[in-house]
Amino acid sequence: FFHSCCLLLWFVAFSAAADVLNFEQIAVANDDQRNLVASSNRVWIRNSVQSISFHTLARTTDNFDGTMYGQLLDNKQQPIYTIDTNGQRSSSFEVSNSGDFLSLLSTPFGIYGFHHLESPQPASTRFIEFKQNQSTGELSIVSVKNMDWSALGGLWTPCAGSISPWGTHLGSEEYPPDAKSFELATSLANIDTTASSSKVITNFMRYFDLYGTPTSPNDLTLDIVRSHFRPYRYGFTTEMNVTSTGEYTVAKHYSMGRFSHELSVCLADKTTCFLTDDASTNGGFFMFIADIPGDLSRGRLYAAKMSHNNSIGSQLLGFDVEWVPLYNESVSDFDVQPFLDASFTDLIDYVPFDDSAAEHCPEGYSSYNLEGLSRECIRIKPGMEKIASVLEARRVAAIRNATLEFSKWEGISFSPERNALFTALTQIRYGMEDQRKKGQVNTMYDVGGPNHIRAAYNPCGCVFELSLQSDQRDVFGFRILSGYVPSSMRDLICGSPVGGSVQDGTDSCNLSLPANPDNVAWASDFDTLFIAEDSDYHVNNVLWAYSYSSKELKRILSTPEEAESSAVYWVPNLINNNGWSYILSSVQHPGLASGGDGIIGYIGPIRISTENSGELILSLGEARFEPIAAATVLQRDAILSTESISTFDSIHPLAFRTMAKSGQVFMGQVYGQLTNAMGQPIYRIGDDGKKTSVPHISDDGDFLSLLVKPFGIYGFQHFESPQPGITEFIQFSQDDLTGRLSIVNVSHVSWSKFGGLWSPCAGSITPWGSHLGSEEYPPDARNFQQASSIAELGLDSDDNEMLTDFMRYYDMYGKTSAENDLKLSTIKKMIRPYRYGFVTELNVVSPGQYSITKHYAMGRFSHELAYCLPDQRTCFMTDDGTNCGFYMFVADVRGDLRSGRLYAARMTHDFTRGAMSFDLEWIPLHTTSMKDEDIAGSVNASFSDLMDYAPYDSTKLNPCPAGYTPFNLRGIAKECLKIKQGKKGLASVLETRRVAGMLGATTEFTNWEGLTYSAERGLLFTSLSTVRYGMEDYQKLGTPSRTYDEAGPNHIRAPYNPCGCVFELELTSDVVDTGGASISSKSVPSKMKDILCGRPATGGDVFGELQKCANSCDIDLPSNPDNVAWMSGLDTLLIAEDSDYRVNNVLWAYSYGRGELQRIISTPFGAESSAPYWIPNLVNNNGWSYIISSVQHPGPGAGSRSSIGYLGPIRIQRAGTDVSISTPVPTANSSDPKNVTVHYEPLRNFIIGSMALLYDTDTQMTDAQVTKAVESAFAYAVRQRIKIACTASVVGWCSTSGLLCEFPQVSARRHSASGARSREEPRLRSIVEWRIGTGHRRSVLEDRDAVAHLIVRREDGGPLTNAVAGYMNGTGSSSFFTTFRTALVSRGIKPSSTYWVYYPRFCPTEDVSMQCNLTDVREKVAASTFTFDFVLGEMPDFDIDRDGFTVWSTLGGMALGGAVLFLAVRCQQWRVLKQRKTAPKRVGDDELED
């Protein structure tokens, strides 16, 4: 029930289905309402109810900076005037009232938008700056600019539009003039014979300050018009964008074709776009595939070819769709631009159509029906195929046999959830009929065409659905490069005439269905389609909301008579991820009875689930995987994975998806191929120590990062062994629809400037978006320097093999047993131990370009991984080996690891908490910050340059000489060490483990592996693969031994556990190091304890090694945990195994809150489950998330090839972060007060962070039921050991009769039952805070009372007489307050003058059958309130009465019945960073975390 940011409590009488916008429907406008804008007042969304209304942003006659909003300007930015009856300029400005599409673009520099003014000509657009009230969500206009299109010859009829996936405005030019008519015209009267009409062209001439009409030419002649106006400049998709300076850019995309563009919509892949053709009749449907994502200046244009498929539609309105390419290659805007002033006959040959002949057109010509007005015989001029395909797209489509019979194809919208397009055709008529016109026999629209469409006449139109497919081919068999190609189309919902005929200006189409649907808009995530009308057959045009799943239609907006509901668009979560969302809608060309002004505005604001700073808020959710069983013998060589995960009450199917295997070839690069310093392949070593002809491909793929950059998705992957180590630089692509990732390109990272890379193991992604890698098991510098033979270079045979293998980096081959090319002197010359053993950092700096570095200042040891916290300064490093340490690095500068302070941990057992519990102290390894640049010059040094060494003599009382310190080196050797004078700083980073041991740090750990951080819990989680050797108390594998503890402090004295453990570390602020200096981090580990350990399968104590390659550790617990990863927001820890005591290593999911383990991946025999990493919401906030995992070194039965992949994709439901205000629909019988009660009940389909308190008229709940419901939320907090701070707000109240409501916080106005607004009221602010914390074990039932203790105050400090009063107790108004005040004072809470306080009861009587006078209640509350300073702490113990939220009142002598109080509560997670004896801080201080 809790969420890291928000707990919503509300009373609701109606529970809407999850993820549906359920609007309160408005009625059909009556005679008194025909000239009004009416809208829905409420919407149910994700189990809350929100008040909404239509908000006007501007009217076309509004004045902005001295200019009327709708005023048209010419190419010199001077006013355009109307034309009088004589064809002359009048004295009246031309003002458009035909506002169409409006965009809202949230940019880093503000909220902007572009607005189309569709008619009259010349058309115009407005560039608008908006501001948003982030508290209420309301939008307002800051400034308006007329846009200058003169560089492009002006703008023609901008109709609908869309917002591109890359955040630009896509516009349109509708009804462009016909170029053939224009060229062949003999007078102004026939300069355009299409639906555009000659008058529109003469109107447009005003753009050039030329006035006239076809019948009264005035300034105009045919030659003058032709000298200024060229048809091929108009009829395109337009694109508008906002610059960083708050200005705009404009473009026309000629490559997308010229026709009567209603709108263009581009899909999530940023290449596939669909373009509707709003011809009066005989139009087409087009698809454009851009060559480059997000760049519409070049691509391929296709036209649709339809054939009836009556199995998928009704009324002959089901079709199969094929696609016809209009040209055989891409066309660019640049290709077309030189031809914009061309004439029709430059592109097309034309001869008359012969109606009387059997063959209407000569050979080589194709017939074409021009909107039923004429028939033509046409052919493309040789060499003009490319240009004609876009400038005469409709004619070329006819030549290619595409379908050109559609009538008024309007809006189109994309549903990623349904993988479908939704679109509208205003009428089914003319060319869409079968040799008919409006149902009557007539061939004028089908002669000269293929007559593909043969549907029945429907004057009321239809909305259609198009199904999208991938891997589609065009009619010539060539693959279409898109995963979103329509393959079928069916009618979804159609209007229908009343009585079989229609008449303009009447309700001739069914009022319960859309009439002549125009634009449509899909509400992503809410399964709702908005449908706007542009109909002569409804007196008042309507905006509909259509629920796809329930098939329910609701009217949500009604426009004045003569207006159309225009340009609907859904804008979710506009800015700063605060959740405010809008249904944009214009009221276009209303009649004079309503004032005649066009209106732009929106329905809303609607607050939906929100995001915080671009990241999905998921805290305190849970992940429940479908667990898999342990692999059987038959499954031992397979990768098995869970098939589903349940998150936020949603179930997601899952699979392990392999992206690459070692040895796979990408663009000529072999994945995992070892390469030398020259970038050439490295080969395997033969038994004779010589180079073989077999390239050496690593099967030890380890950590993979995914890094999202503005220019793409990239990553780096480690290949850990053999030596030399390598990393691969990878470019990925993500399918926005399915979330699947794939590899685009791979290249090998060159480490030559650092002398190569040593054993890169695990890693992490920094908070600033770079990749942190590691170098594990570096060569020991002392042993290396003192070696007298190749066989002595390493401390053991494994070390030796790594060193001789590494020499292949320099193209030298050999091994200890067959030295071949190798000589001791050569190895010592080429390999310098201090070059290796560091944290590495890699980043992507530009497309395909990376940077690399090694961070010497972070210390040199056997780095498993480094992990940096969100403060971007505090990093932790684990040390993977025997007798190792644990380290912390605090950077000097946020996000810059090149300099900082290095610390080592000293552990002390805390046996009171368990055998594996420790207190931590931190030892500074040097007194000042160290810098990479200062260390780099010393990486070629020798051990003896830094330290003096003397043999350890165990036979003596003091085994080391005076001034030397003993040190146990991995249990292999004991040393006596002394740092050379002046070399402590350098030694601390190049001999980190030795210096740490010498200074008293704990260097006894074995195989310290992965580490991860939980921001929600404020904990680190880490794993130690085994508990043995130095961690035992003078034992080895459970039997006595001095090997690992002699010459050390023996800090750790744990029992032997060969199966390993996972630990958690508590973080603390204000910590001082062992030298007494403050550590400049607020996240310093202070305690560590085991939370989950494996155990031998036999149970009990164990001695010696377990049997390998068998399930020797308990199969239901992690065995030898390796890397771990916290699933932020899902309270889940991923634990990967690297175990010899397991047949099949496993990736586990451990629910921290539930304490539940689930197997989610099983790897093949011989493999380890490596490098899990949780990648939530990878790119563009689309929710796609991944569990990255590698399958390292599988056995021969599985092919022996390492695999890198992910478990997923998982689409995480976005959870809300702010208060939702819920409004009930009161239905109680006001005459029977006993029917009214408050019903507490958790919703089944709740969003994480929500608990619904349902207003219910039928169900009486017992005290026990109320108690259980309220207790559950707080019990969760106690169980999770978190603290919660909450703010409760009284947001309003309503009488159950619905006659009176007050919601001052919602709208800042009171509303009567009629909806009339009264004077402004000050808003309420209120606070209630409580804490539940670690160690707090008193009854949760006592804390639940905090829900009801409201602390309310007016912002202006005045009495709270006009707001919802609180509750009172007892028979008098002062009884409760006296009792409560006494209780507070007794708890040390002192009165002040800050807050009003109320308790849950309105009436000053226990008798609910008696009605209270509302005025009396208010007066008594105001008279008896007192104020106090509310200090965070325990709330007094009062009971919640289940009938307490009821008020009885009268107003004006009329009984109102009951009323219900509405609360909204915002909660934040809170944790103590340092225990203080003083009172804790208030909400909002640094201790509080959202």
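Just so you know, these numbers come straight off a predicted model, no measurement behind them. (Residues numbered from 1 in each chain as written. Predicted model: local features only at pLDDT ≥ 70, side-chain atom pairs only at ≥ 80, totals over all residues. Heavy atoms only, no water.)

## What about the confidence of the model for the chain?
Selection criterion: Confidence scores labelled pLDDT are given residue by residue by the predictor and lie between 0 and 100. Only heavy atoms matter for contacts: two residues are in contact if any of them lie within 4.5 Å across the pair.
A residue-level look at the chain finds 78% of positions with pLDDT of 70 or above and a mean pLDDT of 80. Under a pLDDT of 50 for its full length, residues 1213-1490 has, in the predicted model, 639 contacts with residues more than four places off or in other chains.

## A few points about the pairing of strand β36 (residues 528-533)
Worth spelling out the cut-off: In this scheme, a residue with accessible area under 20% of its type's maximum is buried, one over 50% is exposed, and one in between is partly exposed, where area comes from a 1.4 Å probe on protein chains only. Put simply, DSSP H or I for four residues or longer makes a helix, DSSP E for two residues or longer makes a strand, and each gets a number counted from the N terminus. Any two strands with at least two DSSP bridges between them are considered paired.
Counting buried positions along β36 gives six out of six residues, so the element sits mostly inside the fold. Of the two faces of β36, the one lined by Thr528, Phe530 and Ala532 and the one lined by Leu529, Ile531 and Glu533 are each fully buried. Direction of pairing for strand β35 (residues 517-523) relative to β36: antiparallel, over a ladder of five bridges. Among the inter-strand pairings, Trp522 is bridged to a residue of β36, identified as Leu529. What sits between the antiparallel neighbours β35 and β36 is a turn of four residues, in which Asp525 has the positive phi angle 75°. In the sheet, β36 pairs with strand β37 (residues 542-547) via five bridges, with the strands oriented antiparallel. Directly across from Ile531, in β37, lies its bridge partner Trp544.

## Things to note about the pattern of salt bridges
Selection criterion: By salt bridge we mean one thing: a side-chain nitrogen of Lys or Arg within 4 Å of a carboxyl oxygen of Asp or Glu.
For the structure on display, the rule yields 46 salt bridges. Two residues, Asp277 and Arg394, come together in a salt bridge whose shortest N-O distance is 2.8 Å. Here Arg394 lies in helix α7 (residues 393-399) and Asp277 lies in strand β21 (residues 272-277), a separation of 117 residues in the sequence. Exposure remark for Arg394: the relative accessible area of 9% places this residue in the buried category. For the salt bridge of Lys381 with Asp349, the shortest nitrogen-to-oxygen distance reads 2.6 Å.

## A closer look at the side chain of Ser1202
Our working rule: Definition of a polar contact: a pair of N or O atoms within 3.5 Å, with one able to donate and the other able to accept a hydrogen when the atoms are protein atoms, and with sequence-neighbouring residues admitted only if both atoms are side-chain atoms.
Tracing the chain through its elements places Ser1202 in the loop between β80 (1184-1192) and β81 (1203-1211). Looking at Ser1202, the relative accessible area reads 3%, which means it is buried. Only 3.1 Å separates the side chain of Ser1202 from the backbone nitrogen of Gly701, close enough to count as a polar contact. Within the structure, the side chain of Ser1202 is placed 3.2 Å from the backbone oxygen of Val1191, a separation counted as a polar contact. In this structure, Ser1202 is in contact with Ala660, Lys661, Ser662, Asp699, Asp700, Gly701, Val1191, Gln1192 and Pro1194, ignoring residues within four places of it in sequence.

## Describing unusual backbone geometry
Each neighbour pair has its own omega, and for Gln121 with Pro122 the value is -5°, a cis peptide bond. Within the secondary structure, Pro122 is located in the loop between β13 (110-117) and β14 (124-132). A cis amide bond, omega -5°, links Gly1208 with the succeeding residue Pro1209. By the secondary structure assignment, Pro1209 is in strand β81. One non-glycine residue, Asp209, lies in the positive phi region at around 60°. Relative to the helices and strands, Asp209 resides in the loop between α2 (198-204) and α3 (222-228). Residue classification places Asp209 among the partly exposed positions, given a relative accessible area of 36%. Phi at Asp527 takes a positive value of approximately 55°, unusual for a residue other than glycine. Note on placement: Asp527 falls in the loop between β35 and β36. With a relative accessible area of 13%, Asp527 lands in the buried category.

## Here we look at the packing of aromatic side chains
Note the threshold: Each Phe, Tyr or Trp ring, with Trp reduced to its six-membered ring, pairs with another whose centre is within 6.5 Å; inter-plane angles below 30 degrees give stacked pairs, above 60 give edge-to-face pairs, and intermediate values give tilted ones.
Counted according to the given criterion, the structure contains 58 aromatic pairs. Taking the centre distance of 4.8 Å and the plane angle of 85° together, the rings of Phe838 and Tyr856 count as edge-to-face. Placement of Phe838 in the loop between α10 (824-830) and β58 (839-846) and of Tyr856 in the loop between β59 (849-855) and β60 (863-868) is noted, with a sequence separation of 18 residues between them. Plain terms: the ring middles of Trp1126 and Tyr1152 are 6.3 Å apart, the flat faces sit at 75° to each other, and that makes the pair edge-to-face. Here Trp1126, found in strand β75 (residues 1121-1127), pairs with Tyr1152, found in the loop between β77 (1146-1151) and β78 (1156-1162); they are 26 residues apart in sequence, far enough to count as distant. Each of the two residues, Trp1126 as well as Tyr1152, counts as buried.

## So, the side chain of Asn1144
By the secondary structure assignment, Asn1144 is in the loop between β76 (1132-1137) and β77. Of note is the side chain of Asn1144, whose polar atom sits 2.8 Å from the backbone oxygen of Arg636. Polar side-chain contacts of Asn1144 include one of 2.8 Å to the backbone oxygen of Thr1163. Residues contacting Asn1144, with those up to four places away along its chain left out, are Ala631, Gln635, Arg636, Glu1137, Ser1162, Thr1163, Pro1164 and Phe1165.

## Points about the sheet that holds strand β6 (residues 53-59)
To be explicit about the condition: Axis lines are fitted through C-alpha atoms, for helices just across the contact stretch, and the angle between N-to-C directions can take any value from 0 to 180 degrees.
The four strands are arranged β6-β41-β40-β39 in an open sheet whose pairing can be described as antiparallel. Each end of this open sheet is capped by a strand with a single partner; those strands are β6 and β39 (564-571). Geometrically, the sheet is characterised by an average inter-axis angle of 25° between neighbouring strands, direction not taken into account. Judged from the six bridges that link them, β39 and strand β40 (residues 580-588) form a sheet pairing that is antiparallel. Looking at the pairing, Tyr569 lines up with Leu584 of β40.

## Description of the nonpolar core
For clarity, the threshold we go by: Put simply, a nonpolar core is a bunch of buried Ala, Val, Leu, Ile, Met, Phe, Trp, Tyr and Cys residues held in one set by side-chain atoms that sit within 4.5 Å of each other.
Ranked by size, the top nonpolar core spans 131 residues in total, and within it Met877, Phe886, Phe889, Met907, Trp922, Met1088 and Ile1188 carry the most contacts. Not counting chain neighbours up to four residues away, the residues in contact with Phe889 comprise Ala857, Met858, Arg873, Thr874, Cys875, Met877, Leu897, Ser899, Gly900, Arg901 and Leu902. Ala185, Phe259, Tyr582 and Leu584 belong to the second largest nonpolar core, which has 92 residues in total.

## Focus on the state of the cysteines
Inclusion rule: Two cysteine sulfur atoms form a disulfide, by the criterion used here, when they sit within 2.5 Å.
Evaluation of the coordinates by the stated rule reveals eight disulfides. In this model, Cys460 is linked to Cys509 through a disulfide, with the two sulfur atoms separated by 2.0 Å. Here Cys460 and Cys509 share a disulfide; its torsion about the S-S bond, -90°, makes the bridge left-handed. On the criterion of sequence distance, the pair formed by Cys460 in the loop between β32 (440-441) and β33 (462-469) and Cys509 in the loop between β34 (485-494) and β35 is long-range, its members being 49 residues apart. Here Cys460 and Cys509 have matching classes, each one buried.

## Concerning the environment of Pro833
Mapped onto the fold, Pro833 is located in the loop between α10 and β58. A C-alpha to C-alpha distance of 9.4 Å links Pro833 and Leu990, two positions 157 residues apart in sequence. Those residues within four positions of Pro833 in sequence are excluded, and the remaining contacts are Pro779, Ala781, Phe784 and Arg860.

## Some thoughts on the sheet that holds β58
One open sheet accounts for four strands, arranged β56-β57-β58-β59; its pairing is antiparallel. With one partner strand each, in any of the chains shown, β56 (764-765) and β59 form the two edges of the open sheet. Judged from the seven bridges that link them, β58 and β59 form a sheet pairing that is antiparallel. Along β59, the bridge assignment pairs Leu842 with Ile852.

## Re helix α9 (residues 797-806)
An α-helical turn contains 3.6 residues, so a residue and the one three or four places further along point in the same direction. Of all 10 residues in α9, seven are buried; the element is thus mostly enclosed. Buried residues along α9 sit against β49 (683-685) and α8 (781-786). The N-terminus of α9 is capped by Asp796, whose side-chain oxygen sits 3.2 Å from the backbone nitrogen of Asp798.

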